[in-house]
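# Coordinate inspection notes
What follows is the residue order along each chain.
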Amino acid sequence: MKKFIASLLMLLFIFSSISHPLASPSQNSNKLAVLFILDRTGIEDLKKYDLPNIKKLMEKGSLALMNTRTAGSYSEPAAYLTIGTGTRAAVGEMGGLCFNKNEAYAYTSAENLYYLYTGREVGDNDIVNIGIQDLISQASNLNYTVTPGLLGQILKEHGINVYVFGNGDVKTPYGTAYNRYAALIGMDKEGLARGDVSESLLLRDENSPYMVKANYKKLYEKFLEASKEGGLIIIDPGDTLRADAFSKYTTPSLANSYKEKALKEADELIGKILNHMNLSKDLFIALSPYPSSSDISKNNLITPVIVAGPSFSKGLATSNTTKREGIVTNLDIAPTILKYFNISPPIEMLGHPIKTIPSDNALSKLLKDDEMIVSVHNARTPILKGYASIFIILVILYIVLLFIKKDYLGYISPLLLAVITVPLTFLILPLLGPLNLYSNVIAIVLITIAIDLLVMLSSKKDLDRVMIISLITSFAILVDLVLHAPLMKNSLLGYDVISGARYYGIGNEYMGVLLGSLIMGTALFTEKYPKKIVKATTFLLFIAAFFLMVMPQFGAKVGAFITGFMAFGTVILMMSGVKITKKHFLIMFVLMAISLTLMFAISTFLGTMTHMAQTTLIVKAEGINSLFQIFARKLQMELKLMKYTIWSWVLVISIVALFVVSYKPTGVLQEAFKNHKYIYTGFFGSIVGMLFALGFNDAGIVAAATMCIYAIPPILLLLQKNENHG
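Model, not experiment: these values are computed from the prediction.

Before going further, it helps to examine empty space enclosed by the protein. Here the structure, examined in full by the defined rule, presents five cavities of 30 Å³ or more. By volume, the largest cavity amounts to about 70 Å³. Lining the largest cavity are Met 372, Ser 375, Val 376, Leu 429, Pro 430, Gly 433, Pro 434, Leu 435, Asn 440, Asn 490 and Leu 492. Classifying every residue of the lining of the largest cavity by side-chain character gives seven nonpolar, four polar and no charged.

Set out below in structure tokens:
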């Protein structure tokens, strides 16, 4: 029996080895990939200028907008390094310093400096990063794994050549600003690479910014020579960077002229390179790692990327990182290159390979998307701060009037109703297209007034109005989720592509809104119609909402799984007549943990790339410590939000308000709950949801705060009703 088991295990091992072979050098010997850098180029530039070869590339390949977020402070070298690591990376003072080994820097050669800093020989490599130890130090300060030079290292270990050519150096009277950041993508983990990033690839040209330009003839010759051996070739002419940097010294028309010249010359080089390539088997990626100064001034931090080659066709690019048409991230570039070379990306690369969604009008669609994304990003913070501030003021004012001028409470009630309506307005708002800040404010006010007038005409009771708004809001969110969130993706309360915290599924803001509005809406409806069919329908709605929040095709949000399970479970038990005890909470928590574990296992087994599945793979690959790192990162985010976000004040004021009304007037709240047990059930379930949202979500304070929007006003209105009757 033991021999049989041993033989079976050996067969399984052999089968596993055959099924998942490492990419051998022979498999990749003829493969050629080119990564062409068009730094500081925006999506508008691809339409604005006559770039025939780039347009031809878009006809054959896939186009997308790329999130360029990095770790730490946003900087150009960090954007390049992030592409090479497949994980958000940071660069310190020296980390971006790359030179040919024989170039002079700080009174000696770069090779000598590299040895002085690292104690290692350069060997047959051409390029050295003298700040590699700085990059390693920066990576060690992050609470997740980052390996500078990871892409180059993996390709090197698989026998695949990597070359880097070109630079964006800027010559000034005060010296040279070295911009050799392309080497940060192609170097190995020791900071070494082959190629040429020296001044020898520049020409003096008095009609170009800083009186230098790329030597395109020499760059092409370098490409031809390197391409004979195959591998990855990274080319950065640098002129688009120089044109953009020079724009602050010249007139807008001349700045535009210099940029056009830089792009046209880069376009010509792209054409020559493409003529030498066969896109049925070769890979070509053109991208801008960092936005232009003009785009940065508009807070537009997303840049274009074009991917052409085998398995890519005309259309929009996407990835499992974003699951959005025409949106990818800088984390996806390295996994895409590795996949092309038949290499599985390591788990520490948080991005995923790029793929195509066929489309005939990719550029025009992305131009519209870009406008909408920037509009949402610019309006999001001031509008949400204003909205949260109004909620806080109204709650405080209501509490004060409850004790001082009860007769005035009737004037505040419509305003409370409006506050509850605004998340629904935020969901509807994207239908109007991109708006500036002031247009957004006007539209929000008008839509909210229109909705509230209709609701007020349909019912005279404040609690019924809250019920109607809550149910409509929750149903609208559920329908949007079923349709894969077309409205939520462009809502001020939804995602922010530029910040890049989440791209699909339900975010913390709308998770709190959905839980709060559905729980309180159904509780108020059950209070009004306490029938078995109403309770049964409520339970079915809870189940539907739960699965829409957690199923892989809709986002698989772990925090929503935990929060929804406990909040919905509490309400279901209480509506079923169960008196909740600590034992019930313990049983629910254990069932939730088991269900979550099964969900992780299923998600991983099916190969569905979600946040949930990726967390499982990270823990499997890096051990339990990685899980603690994830918890530490979430806790760090929570503490940061508590300190800086206004949502923390929404939560604090709500808690204070509840504390006040619990004790004064004495016994009024308890009496109100005694006479309205289903409202109490909804309120208690919301409180449970808030606690678990805080404990098990990064930015959980936001979810807890948006739940307060639906949990607190009904209680205040209930107290007002009881006081009036009293």
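What follows continues from the structure just given.
Turning our eyes to something else, we now look at the nonpolar core. Counting 111 residues, the largest nonpolar core has Phe 426 and Trp 647 as the members making the most contacts within it. Ignoring sequence-local partners within four residues, the contact set of Trp 647 consists of Leu 384, Tyr 387, Ala 388, Leu 493, Val 702, Ala 705, Thr 706 and Ile 709. Ala 33, Leu 135, Val 307 and Ile 343 belong to the second largest nonpolar core, which has 63 residues in total.

Our focus in this paragraph is the confidence of the model for the protein chain. Looking at the protein chain as a whole, the pLDDT averages 88, with 88% of positions reaching at least 70. When the criterion is pLDDT under 50, residues 1–23 qualifies, and its contacts beyond four places in sequence or with other chains add up to seven contacts.

Direction vectors running N to C along helix H11 (residues 239–246) and helix H12 (residues 252–276) enclose 175°, while the axes themselves pass 8 Å from each other. When the axis of H11 is compared with that of H12, the two are roughly antiparallel. The segment H11 lies against H12, with Asp 239, Thr 240, Ala 243 and Phe 246 engaging Tyr 258, Lys 259, Ala 262, Leu 263 and Glu 265. Considered class by class, the residues forming the contact of H11 with H12 number five nonpolar, one polar and three charged.

As enumerated under the stated definition, the model contains 26 aromatic pairs in all. Aromatic side chains Tyr 74 and Tyr 290 sit 5.1 Å apart centroid to centroid with 25° between the ring planes, which places their arrangement in the stacked category. Of this pair, Tyr 74 sits in the loop between strand E2 (62–67) and helix H5 (76–85) while Tyr 290 is found in the loop between strand E14 (283–287) and helix H13 (293–297), placing the two residues 216 residues apart along the sequence. Look at Tyr 290 and you get buried, because its relative accessible area is 11%. With a centroid separation of 6.2 Å and an interplanar angle of 25°, the aromatic rings of Tyr 220 and Phe 223 are classed as stacked. You can see Tyr 220 and its partner Phe 223 sitting in helix H10 (residues 216–227), three residues apart, about one turn around the helix.

All told, the structure shown has 22 salt bridges when counted by the stated rule. Between Lys 171 and Glu 199 there is a salt bridge, with the nearest N and O atoms lying 2.8 Å from each other. Remark: Glu 199 occurs in the loop between strand E10 (192–196) and strand E11 (202–204) and Lys 171 occurs in strand E8 (residues 170–172); sequence separation between them is 28 residues. Residue classification places Lys 171 among the partly exposed residues on the basis of a relative accessible area of 31%. For the salt bridge of Glu 265 with Lys 213, the shortest nitrogen-to-oxygen distance reads 2.7 Å. One end of the pair, Glu 265, is in helix H12; the other, Lys 213, is in strand E12 (residues 212–214), with 52 residues separating them in the sequence.

One can find Ser 654 in helix H25 (residues 647–663). Note on Ser 654: relative accessible area 1%, which makes it buried. Among residues more than four places away in sequence, those in contact with Ser 654 are Phe 391, Cys 708 and Ile 712.

Definitions and limits used
Residues numbered from 1 in each chain as written. Predicted model: local features only at pLDDT ≥ 70, side-chain atom pairs only at ≥ 80, totals over all residues. Heavy atoms only, no water. 1 Å grid on protein atoms, 1.4 Å probe; cavity = no way out; pocket = protein on both sides within 12 Å on 5 of 7 lines; lining within 4 Å. Points joined across faces, edges and corners; volume = space filled by probe spheres on them. Nonpolar A, V, L, I, M, F, W, Y, C, P; charged D, E, K, R; others polar. Core = buried A, V, L, I, M, F, W, Y, C linked by side-chain atoms within 4.5 Å. Buried < 20%, exposed > 50% of the residue type's maximum accessible area, 1.4 Å probe, protein only. Contact = heavy atoms within 4.5 Å. pLDDT = per-residue confidence, 0-100. Axes fitted to C-alpha atoms, helices over the stretch in contact; angles between N-to-C directions. Helix = DSSP H or I, 4+ residues; strand = E, 2+ residues; numbered from the N terminus. Parallel < 35°, antiparallel > 145°, perpendicular 65-115°, else oblique. Phe/Tyr/Trp six-rings, centres within 6.5 Å; stacked < 30°, edge-to-face > 60°. Salt bridge = Lys/Arg side-chain N within 4 Å of Asp/Glu carboxyl O.

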